[in-house]
Structure formats: C-alpha cells, structure tokens
Amino acid sequence: MTTPYQQGPRPGYQQGPHSGPPQPHGHAPGDGSFGYTSPIPARPTHLGDAVASEWTKIRSVRSTMWTLGVMVALILGIGLLTAAAVAATSDDVGNENVLILGFFGVLLATMCVITLGVLVISSEYGTGLIRSTLTACPSRGRVLAAKSLVFSLVVFVVSTVTTLVTGALQVAVLDGRSPTGEEWFRSTVGVSLYLAVLGLLSLAVGGLIRHSAGAITVMIGLVLLPLVMAMFMLSESLTWLREAMFTYSIPAQLSVFYGSDVSLDSVGSGPRGWEPLWIMLVVTAVAMVGAYFSLDRRDV
Amino acid sequence: MIEVTGLTKRYGRKVAVNDLSFTVRPGVVTGFLGPNGAGKSTTMRMMLDLDNPTSGSVKIDGKHYRELSEPLKHIGALLEAKAMHGGRSAYNNLLCLAQSNRIPASRITEVLDMVGLTSVAKGKSKGFSMGMGQRLGIASALLGDPEILMFDEPVNGLDPEGIHWIRNLMKGLATEGRTVFVSSHLMSEMALTADHLIVIGQGRLLANTSMADFIHENSRSFTRLRSPDRERVKDALDEAGITAVEGTGGVLEIDGVEPERLGELAARHGIVLHELSSQRASLEEAFMRMTAESVEYHAHTGPDGGGAPATGWGSPGWGTPAGGGNDQGKGA
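From a predicted model like this one, the values you see are computed outputs, not experimental measurements.

**With respect to the domain arrangement of chain B**
Point 1. What the domain assignment lists for chain B is domain 1 (2-216) and domain 2 (221-280).
Point 2. If you average the C-alpha positions of domain 1 of chain B and of domain 2 of chain B, the two centres end up 47 Å apart.

Written out as structure tokens, the structure reads:
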C-alpha cells in the first residue's frame, strides 16, 4: 500500500473546466523546501493597505451612499427651511448669529451618523464577512484603526462641506450681521468633528454589541433618552440630576458649538467652548478600548 | 503544513473540541471528517485564529496565525459561502480582500475566471445562488495563490458539474505541492478526493490514517450466497467447516471464503444457486460505526433508533453516484 505522503509536488496539474490563464507553477525545483511557493510577490502590508480595503468596502455599498445622502439632505434641507421660516416671520434678525439655525438639521443628521457608524462594523458580523476580514488581516487593532480612520474622515469631510454650504446660504437668505470667523469655524469644523467622534462612538458600540439593530438602538437611546427622562423628573429632590442630564445630553452639547449657554443653576457652569468635543473624545476612547479588547479576545 | 497540538475548546461545560492533535501535510488532500456537530468548523475557526482555543495551539508553517503578515498568501479558506456583503459585487468583495494583502487587482480577474464567475463579476452577490456563492468563496480562498487551502464543506450547494470541478481542483492543488484541508460529513465524498483522513467525533480524534489504510481496515468483504435449497447449502458448508451468517431474505453471508470455492462446493453437491457474489461493506457504514457513539443529533425514526443501520451491507446507496464502487475496491 502506498502512502501518498512521499509523493511530493508533481508538475502537470490540469485545472478545472473554467481554467483561465495558465497558472504559474510556483515551486522552485531543487530549492529544498517542500510544498508550494506562490509566484505572487509577498510585500509586507501596513495600515495603508487595510485603509484601502475599508475605503473599498464603504464606497462599494449603496446603503452607505444613501445614508450619507440623507445626512446631507437633512442638514441642507432643514437648515434652509428654518432660515426661510425665520425670514418670513421676522423682519429683523438683528445681532443674532444666523448659523445657529443649522442646529436642527445637524441634530437630525446625528441619526445617520449613528446608523452608518454602527453598520460599518456590525454589518460584517451580520453577514459573516468579519471572518473573511480577520483572516485577511489578523491584526484586530489594524482592522479597527482602518475602519475608524476611513469612516470618521468620510463623515468629517461630508459634514464640513455640507454645513459650510448651508451656513453660506443661511447668511445669504437672512440679511443679518455676518458671523465672525470663530462662529464660522465652530459651526462647521467644530460640529463636524463632534459628528465624526459621535460616529466613532457608534462604531465602537457596534463592535461591542455586534448586532446592528441593537447597537443602533443603544446609540439613539444615548442621544435622546437623557432629554426624555429629564422631562419626567419632576420631583424636587431630583433637580440636580435633571439639570445635569439636560446639560450633558448630546443635543445640548451639540448646541454649545452654536454658542448656546447650557449652564443651569444647580449644575453650575456647563461645558462651553470646545469642551463638548473633549468630553465626547474621552467617552469614545473608553468605548474604543473596549471594542478593541472585545475584537481581540472574543470568538468571532 | 498545519500543526495542531492539544487543541481544546470549551463552551461553558460543553467540550466542543477535545485535545485534538494532528498534522496536515503538503502534497495531499487531507479529509476532515465527522458527523454534524463533531467540532469540524470550530476546529477550522481556531486554525484561522477566529476562535480562541481554551488550550492548545495551531501553527501555520511554524507560525501562529497572527504572526503572518499577509495571511492570504499563505493560507486561503472557504468557511461559509455567504460570508460576503450582498450589496457588493463579486469583484468588489474580492477587491477588499486583495487590497488588504497587497494582491494585484489582475489576480481578481484571474480567480474569477478560474471559478467561472467572470460574467457575473460586476453583479451584486445578493442575487447569487448557493453554488455561485460557494464559487465566490473558493475564489477568495484562491486569491492569494496560497500554499495552504482550507475548505469547509465545499461541495454544499454545488451541482454535479460543480462537485466534479471542485474535486479536480482540490486534487490539482495538492498535486502542485499545496496543503489541502477539506472538511465533510460525507464519507463517500472523501473517498473520492482525500488521500489522508482525519476523523473526529464529539471533538475527539477517532482516526488519523491514510485513505487507503482506512479502506483496507474498515471495509469488511464477504461472499453473498442465495439458494432455494438453503438447508442443504448449510449442511454442505458445515461439512466443509465454513461458517455462514444468515442474512435477510434467505441470504447467507460468508466471511473470508472466495466465491470460487463456494461455487465449486455447491457444484460438487449438486445444489442450485440463485446468487453468488463478492461483497464489500460500504465506507459510509464503516464511518458511521466509528462515529456511532459520538453522533450528537440522532434522528429517531426507525425501530433501531437511527445511528448506524443494522442492515445494508454493500447497499448501493452509498458512494455509488460517481464510481464509488471502484474506490471501494481500492483497498482489496
């Protein structure tokens, strides 16, 4: 009885019925190594390759484009509608910063950012694609970093351009004073940074929960629940908690970028300036570390 | 070369994979056989570092999976056919993988051509049939032209032409000197493709042997005899010192005696025979006997409660569709 082990590589392999261009035989004769060596040159890969891969994933799915489209439509549409409504009802906007009218559109756009951020990672668990991704790139850190980079950049760029255009149109529609440079910067770049980091938080939660619907629900709850709950905390003893929830809720934090003062008596001075962004960054960093360990330790 | 040492996986109190050790060598197709729930897929996922073993280790060419810098050029795996994003085209699905491993885009067209999906490369993979999904999965395994290939139940959902194609593909890949590791729960399928066999049941290693040895050891050969004059046949056999077992339907089964000798014996006694044939027990049955105690999901349909059927020696149902008969004779 022959044991097929000792046969080793034999040339002359005929491919199946669909064989395309002849496949080169990679095993170099007489190199002493047993087995097959691929003729495709092996070049060390780095984060850039993973980023390229993630960019292909984002751009090649229509739902991404749809979600981003809705996000642009919300910021632009609601921003312009509010401006038009204000222009129709009041004669004089006086010394107000008109860019603040962009707030409602951006607030609704957070839903798109959350959805997309969660889906970037959880959809891979839904389809089983995550297994292909991690067999192709076993470094969990690299996969997470590439996803985060590509997604946050996409959100930041789209949001910055959209808020800029919306702001310019609002200023044009309403004949008020022109906003200062800082007001412009905070309501475009600042808001977009905040959205991008909120998106990263969603991505991290998506990686922790691994279930699209569940993670989206958690994130929407995080945005809306503090406000809703605060409304029903009527008891005197809960005043402090109620006001803290108002002040630190995501919508209130977002409004800080438009110059609103969210300080309430019992809480003292609420976050101002760029503080909401730092708060969000810290929360996201913690969630991201959790997502990394989850990806690294848990079975896929 | 894949080396598995003491691999164990526990889910709570349940042991899915129990102290598995084996080596998968290059140049041959190694079949990984076991009933449903035996731990085949869990083992394969641990080999790819997707699941963490409770204990034990897997080395790919002497390295841990995470130490491979561009893993697709070392090892290609087909785990689930539908592990693709439905909204993405076949080409883009492969492009994501290729980019992460610096595989030139020209290779994508090459593998799509190899698996016969060129005409639907730009179409969404959502509309793919199971067989097409399986082919796309095989394309992604071949993408890096790796020296190790791993296929989890590759013939699932393929049409006969596709099954024939994947068998030839696997044999061809092994002939080129690659390591080919393929799981299946069908012995008949393995008999046609695998050169080496690793059998597991309830996570434990049951056999690690060459296919030829497995066939030799596990297929019982006997002679089947049928006569209208059964009592006289029995007497004649007794006289000659041959023991016969009574089978179903008035058939006698005789172990270890050639039909020639029995025919001559019958002729000497002037007994009429209606049948005299040489039989071989199917490999499928040998496999079922081996895994009988370790089958996790028994179907309770027959009076014997499923598991290994009591009858069915040499029944034509197993292994015959593609010349299984020839293969069964290989060990003789």
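**Side note on unusual backbone geometry**
Residues and elements named next belong to chain B.
Point 1. In this structure, D19 takes a positive phi of about 50° despite not being glycine.
Point 2. Inspection of the secondary structure puts D19 in strand β2 (residues 14-24).
Point 3. According to the C-beta neighbour criterion, D19 is partly exposed, with 14 such atoms within 10 Å.
Point 4. For D61, which is not glycine, the phi torsion reads 50° and is therefore positive.
Point 5. The topology assignment puts D61 in the loop between β4 (55-60) and β5 (75-78).
Point 6. The class of D61 is partly exposed, set by 16 C-beta atoms lying within 10 Å.

**So, the sheet that holds strand β6 (residues 148-152) of chain B**
Residues and elements named next belong to chain B.
Point 1. Strand order in the open sheet made by the six strands is β5-β6-β7-β3-β8-β9, with mixed pairing throughout. In this open sheet, the two strands that pair with only one neighbour each are β5 and β9 (204-210). Averaged over all pairs of adjacent strands, the angle between strand axes in this sheet comes to 15°, irrespective of strand direction.
Point 2. Pairing between strand β3 (residues 29-33) and strand β7 (residues 179-184): five bridges, direction parallel. The partner of V29 across the bridge, within β7, is V180.
Point 3. Contacts from helix α10 (residues 283-291) reach β3, β8 (196-201) and β9, with the element oriented near 150° to β9.

**A short note on the sheet that holds strand β11 (residues 245-246) of chain B**
All names here are of chain B.
Point 1. Read across the sheet, four strands follow the order β11-β12-β10-β13 without closing on themselves; strand pairing throughout is antiparallel. Bordering the open sheet on either side are β11 and β13 (275-280), each of which pairs with just one other strand.
Point 2. Across two bridges, β11 lies against strand β12 (residues 251-255) in antiparallel orientation. Bridging from a neighbouring strand, E246 pairs with L252 of β12.
Point 3. On top of the sheet, helix α9 (residues 259-269) reaches β10 (221-226), β12 and β13; it is set at about 160° to β13, its chief contact.

**Here's the deal with helix α8 (residues 239-248) of chain A**
Point 1. Every buried residue belonging to α8(A) is among A:R242, A:E243, A:M245 and A:T247, and all of these are buried.
Point 2. Those residues of α8(A) that are buried are in contact with α7 (212-231) and α9 (250-256) of chain A.

**Let's talk about helix α1 (residues 40-47) of chain B**
Residues and elements named next belong to chain B.
Point 1. Of all the eight residues making up α1, seven are buried; the element is thus mostly covered by neighbouring parts of the structure.
Point 2. Of all the positions in α1, only K40, T42, T43, M44, R45, M46 and M47 are classed as buried.
Point 3. Positive backbone phi, at 65°, marks D49, one or two positions downstream of α1.

**Re the UniProt feature "transmembrane region" (unreviewed entry) in chain A**
All names here are of chain A.
Point 1. Residues annotated by UniProt as "transmembrane region" (unreviewed entry) correspond here to residues 65-86, 98-121, 149-171, 191-209, 216-235 and 277-295.
Point 2. A distance of 37 Å separates the end C-alpha atoms of residues 98-121, which is 79% helix and 0% strand.
Point 3. The span residues 277-295 shows a helical share of 100% and a strand share of 0%, and its end C-alpha atoms are spaced 26 Å apart.

Parameters and conventions
Residues numbered from 1 in each chain as written. Chains lettered and ligands numbered in written order. Predicted model: local features only at pLDDT ≥ 70, side-chain atom pairs only at ≥ 80, totals over all residues. Domains from an automatic or database assignment. Helix = DSSP H or I, 4+ residues; strand = E, 2+ residues; numbered from the N terminus. Buried ≥ 20, exposed ≤ 12 C-beta atoms within 10 Å, placed from the backbone. Pairing = 2+ DSSP bridges. Axes fitted to C-alpha atoms, helices over the stretch in contact; angles between N-to-C directions. Contact = placed C-beta atoms within 7 Å. UniProt positions renumbered as here; feature names shortened; annotations may be inferred.

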